[in-house]
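# Examining the three-dimensional arrangement
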Amino acid sequence: LAHAAGKLWLGSATDQPGTGEDTDTLYQEILNDTHIFGQITPANYMKFFATEPEQNVFNFTGGQVAVDIAQDHGKYLRCHNLIWLSQLSEWVTDGNWTAETLTAVMKNHIQTLIIHWGDACYSWDVVNEALASNGSFASSIWYDVIGPEYFFLAYQFAQEAVEATGKDIKLFYNDYGIEDTGNKTQALYALIQEMQSRGIQIDGVGLESHFEVGATPSLETQIAAKQGYVALGLEVAMTELDIRFVEANATNCTGFAMQAQNYYDSVSSCIQVDGCIGITVWDFDDTYSWIPGTFPGQGAADLYNADFTRKPAYYAVGEALQSV
Ligand code: G3I
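Values in this document were obtained by computation on a predicted structure and should not be read as measured data. Residue numbers restart at each chain and count upward from 1, following the sequence in its written direction. In keeping with the predicted nature of the model, local features appear solely for residues at pLDDT of at least 70, side-chain atom pairs appear and are counted solely at 80 or more, and the whole-chain, interface and lining totals rest on all residues. For the side-chain quantities, the full set of heavy atoms in the structure was used; hydrogens and water were omitted.

### Here's the deal with the packing of aromatic side chains
Just so we agree on the cut-off: Two aromatic rings, drawn from Phe, Tyr or Trp (for Trp, its six-membered ring), form a pair once their centres lie within 6.5 Å of each other, and the interplanar angle then sorts them: stacked below 30 degrees, edge-to-face above 60, tilted otherwise. Put simply, DSSP H or I for four residues or longer makes a helix, DSSP E for two residues or longer makes a strand, and each gets a number counted from the N terminus. Using a 1.4 Å probe on the protein chains alone, a residue whose accessible area is under 20% of its type maximum counts as buried, one over 50% counts as exposed, and one in between counts as partly exposed. Criterion for a charge above a ring: Lys NZ or Arg CZ within 6 Å of the ring centre, and within 35 degrees of the ring normal.
The tally for this structure, following the rule as stated, stands at 25 aromatic pairs. With a centroid separation of 5.2 Å and an interplanar angle of 50 degrees, the aromatic rings of F151 and Y155 are classed as tilted. Here F151 and its partner Y155 are both found in helix α7 (residues 149-165), 4 residues apart, which amounts to about one turn of the helix. Y155 shares its class with F151; the two are buried. Centroid distance F151 to Y173: 5.7 Å. Interplanar angle 65 degrees. Geometry classified as edge-to-face. You can see F151 sitting in helix α7 and its partner Y173 sitting in strand β6 (residues 170-175), a full 22 residues away along the chain. A relative accessible area of 0% means that F151 is categorised as buried. Ring-pair connections join several aromatic residues into one group, and the members of that group are Y27, F37, F284, Y288, Y304, Y314 and Y315. It is K184 that lies over the ring of Y176; its NZ or CZ is 4.3 Å from the centre.

Below is the structure:
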């Protein structure tokens, strides 16, 4: 499944070190298997709190684990993420900033990470989840202190760093709620056009694709949204795909068949759009899914059951990828 016909990857988020994944040999075997996953994304340990725990004191240890897994097993690496409203270090959230001092923090963080890992990263999610559901900028320390310019500045700083490395490192925007053709997607199309009119580099959009069984956007809708980004000259990736059961008692044969169909359509939407470069699941085994921690009572969202047996969804994804 890993690199269907050399056209796109199937990848997974992963979360070593410091979690059960660390010592779970069956997990590691599946993750490392180059026939299954051709790409990985660190779920947490390249984030701000992990990489700059104190101001200008950088910790690359956790992130390097992802770099090593990718390099040892011939996988692409999506680096995630540089500027987000969440999972910040306390010195950032508790700091007494002016627009000028916080902009300097942002610049130092973005440029240090991009330059450190260079083209070990296929891409960086430069800004993550900046938009509210109505398409306006969401409140965050970055927005509240610096104003909307923080968004454009982040990409300018990233672009300078990429130029300093002389490497081809793609700059992405990553978000949820932008997988259909609704208001948030339309606002993002407009924001991308504004960046382009200002000459600011953006290479791609990551569509998180956290869906619900039975309420997943249709194949046609997902294709249309992706085509909109590609028409603006960007790459598209599905970056955090999982399809959760909202009702725990729906995890029966009918439910798993519907989940499989929802996965099939989602993966097919990427296959059917030239410019959709890959699909990443937000971890592959229900044991390590983020869903129950955030949505109590919901879950069973991943391709593998908690005991590492494969769900119908796993085979549906395989079928879709083999159709490439
Ligand atoms: O680091 C602490 C640890 O010290 C403590 O013992 C433990 C006890 O709960 O918590 C650890 O922090 C957890 C952190 O992940 C690091 O593992 C938090 O509780 C937990 O809430 C946090 O969740 C992460 C979440 O982002 C935070 O919003 C998930 O693992 C991660 O999968 C998730 O990923 C996000 C993407 O980055 C962006 N898109 C949405 C996606 C899902 O929420």
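Picking up where we left off.
### Points about the site of the ligand
Going by this rule: Throughout, the term near means that a residue has one or more heavy atoms lying within 4 Å of the molecule or strand in question. Within 3.5 Å is the distance limit for a polar contact, defined as a pair of N or O atoms, with the added protein rule that one can donate a hydrogen and the other accept it, and that residues adjacent in sequence qualify only through two side-chain atoms. Method for areas: the Shrake-Rupley scheme with a 1.4 Å probe, in which residue coverage is limited to the protein chains shown. The nonpolar class holds Ala, Val, Leu, Ile, Met, Phe, Trp, Tyr, Cys and Pro. Asp, Glu, Lys and Arg form the charged class, and all remaining residues, Gly among them, are polar.
Every residue near the ligand is listed here: N44, K47, H80, W84, Q87, N128, E129, E208, H210, E240, W282 and W290. Between the ligand and the protein, one listed contact pairs an oxygen atom with a side-chain N or O atom of K47 at 2.7 Å. Within the side chain of H80, one N or O atom sits 2.7 Å away from an oxygen atom of the ligand. Bound to the protein, the ligand loses 48% of the 790 Å² it would expose on its own. Looking at the shell around the ligand residue by residue, the class counts come to 3 nonpolar, 5 polar and 4 charged.

### Here's the deal with the pairing of strand β9 (residues 235-244)
Across a regular strand the side chains alternate sides, sitting on one face of the sheet and then on the other. Rules: Strand pairing requires that DSSP identify at least two bridges connecting the strands. Here the term right-handed applies to a crossover when the path leading from its first strand over the helix to its second strand runs clockwise, the strands being oriented away from the viewer.
The buried fraction of β9 is high, at 10 of 10 residues. Examined bridge by bridge, strand β7 (residues 204-207) and β9 share 4 bridges and lie parallel to one another. Counterpart to L207 in the pairing with β9 is M238. Here strand β8 (residues 210-212) runs beside β9; their pairing, made up of 3 bridges, is parallel. If you follow H210 over to β9, its bridge partner there is D242. Two strands pair when backbone bridges link them, and β9 and strand β10 (residues 276-281) are joined in this way by 4 bridges, in the parallel orientation. In the strand pairing of β10, A237 is matched with G278. This β-α-β element, β9 to helix α10 (residues 253-271) to β10, shows right-handed connectivity.

### Details of the pattern of salt bridges
The condition that has to hold: A pair is scored as a salt bridge if a Lys or Arg side-chain nitrogen falls within 4 Å of a carboxyl oxygen belonging to Asp or Glu.
This model, assessed by the stated rule, comprises 9 salt bridges. Across the pair D286 and K311 runs a salt bridge, and its minimum N-O distance is 2.7 Å. With D286 in the loop between β10 and α11 (291-294) and K311 in the loop between α11 and α12 (312-322), this pair connects stretches of sequence that are 25 residues apart. Where salt bridges share partners, they join E149, E194 and R198 into one cluster.

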